[in-house]
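# Residue-level structural notes
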Amino acid sequence: MIKGSYNFDSLKVDQAEFESLFTDTSKPGEKKKETAKPAASKQKKSVQVIDAKRGMNGGIILARLKMEFSALADMVAEMDSGKFDDTQLMALREFLPTNEEREAIDQYIKQASATEESLNAAINDFCACEKYMYAMMKVE
């Protein structure tokens, strides 16, 4: 703290040094272009057919199970509970597709699947929960 008054007029400031230290000399357009390109190329293409919150919650549950969705569908078809406990089975049941989700997934698959390759690409664009729902839709 400064006690009393101070005469700032007698303070000597090197204006060139001040500007070199505290002035941004880069062009604003260059930074934005450089940082935007890598982020856009790393971003994975994803399709959101079901509710985002439901998809995220289902993805968390399914990640804990560490099992292929086709294997889960086979277990359901054979009515085999396998190594799952009651809590895990209830969680799997909770994320079975509703009628609206079935229709949305079917509609997306029909639009995106002209060939077998495009069908696989469309399924790979799904989030984990949507992949699980698609596998469960195949169970009869």
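In what follows, the structure referred to is the one given above.
As the structure is a prediction and not an experimental result, all values here were calculated from the model. (Residues numbered from 1 in each chain as written. Predicted model: local features only at pLDDT ≥ 70, side-chain atom pairs only at ≥ 80, totals over all residues. Heavy atoms only, no water.)

Scanning the protein chain from terminus to terminus reveals 8 helices and 0 strands. Element order for the protein chain, N to C, with α for helix and β for strand: α-α-α-α-α-α-α-α. Relative to its full complement of 140 residues, the protein chain shows a buried share of 25%. When the accessible area of the protein chain is evaluated, it comes to approximately 11200 Å², of which 53% is carbon and sulfur surface. (Helix = DSSP H or I, 4+ residues; strand = E, 2+ residues; numbered from the N terminus. Buried < 20%, exposed > 50% of the residue type's maximum accessible area, 1.4 Å probe, protein only. Areas by Shrake-Rupley, 256 points an atom, 1.4 Å probe, with all protein chains shown as cover.)

In this section: the nonpolar core. L62, L72, I109 and Y132 are the most contacted members of the largest nonpolar core, which totals 26 residues. In terms of residue count, the dominant contributor to this core is helix α8 (residues 128-137) (7 residues). Dropping the residues within four chain positions of it, L72 is found in contact with L62, M67, F84, L92, Y132 and M136. (Core = buried A, V, L, I, M, F, W, Y, C linked by side-chain atoms within 4.5 Å. Contact = heavy atoms within 4.5 Å.)

With that settled, the discussion passes to unusual backbone geometry. Look at K66: it is not a glycine, yet its phi comes out positive at around 50°. In this fold, K66 is placed in the loop between α3 (52-65) and α4 (69-78).

Turning to its location among the elements, E130 is positioned in helix α8. Buried and unpaired, E130 has K131 as its nearest opposite-charge partner, separated by 8.6 Å. A distance of 2.6 Å separates a polar side-chain atom of E130 from the backbone nitrogen of V49. Among residues more than four places away in sequence, those in contact with E130 are V47, Q48, V49, I50 and I105. (Lys, Arg positive; Asp, Glu negative; His and termini not counted. Salt bridge = Lys/Arg side-chain N within 4 Å of Asp/Glu carboxyl O. Polar contact = N/O pair within 3.5 Å; in protein donor to acceptor, adjacent residues only side chain to side chain.)

Bringing the packing of helix α6 (residues 99-112) against α8 into the picture now. The N-to-C vectors of α6 and α8 enclose an angle of 95°; their axes lie 11 Å apart at closest approach. The angle between the axes of α6 and α8 places the two elements in the roughly perpendicular class. Of the residues in α8, those touching α6 at E101, R102, I105, D106 and I109 are E130, M133, Y134 and M137. Taken together, the residues of the contact of α6 with α8 sort by class into 5 nonpolar, no polar and 4 charged. (Axes fitted to C-alpha atoms, helices over the stretch in contact; angles between N-to-C directions. Parallel < 35°, antiparallel > 145°, perpendicular 65-115°, else oblique. Nonpolar A, V, L, I, M, F, W, Y, C, P; charged D, E, K, R; others polar.)

Quick look at the packing of aromatic side chains now. What the rule picks out here adds up to 2 aromatic pairs. Arranged with centres 6.4 Å apart and planes meeting at 65°, the rings of F69 and Y132 form a pair that is edge-to-face. Highlighted residues: F69 in helix α4 and Y132 in helix α8, separated in sequence by 63 residues. In this pair, the class of F69 matches that of Y132, namely buried. Ring geometry for Y108 against F126: centres 5.4 Å apart, planes inclined by 50°, an arrangement best described as tilted. Linking Y108 in helix α6 with F126 in the loop between α7 (116-124) and α8, this pair joins segments that are 18 residues apart in sequence. Taken as a pair, Y108 and F126 share a single burial class, namely buried. (Phe/Tyr/Trp six-rings, centres within 6.5 Å; stacked < 30°, edge-to-face > 60°.)

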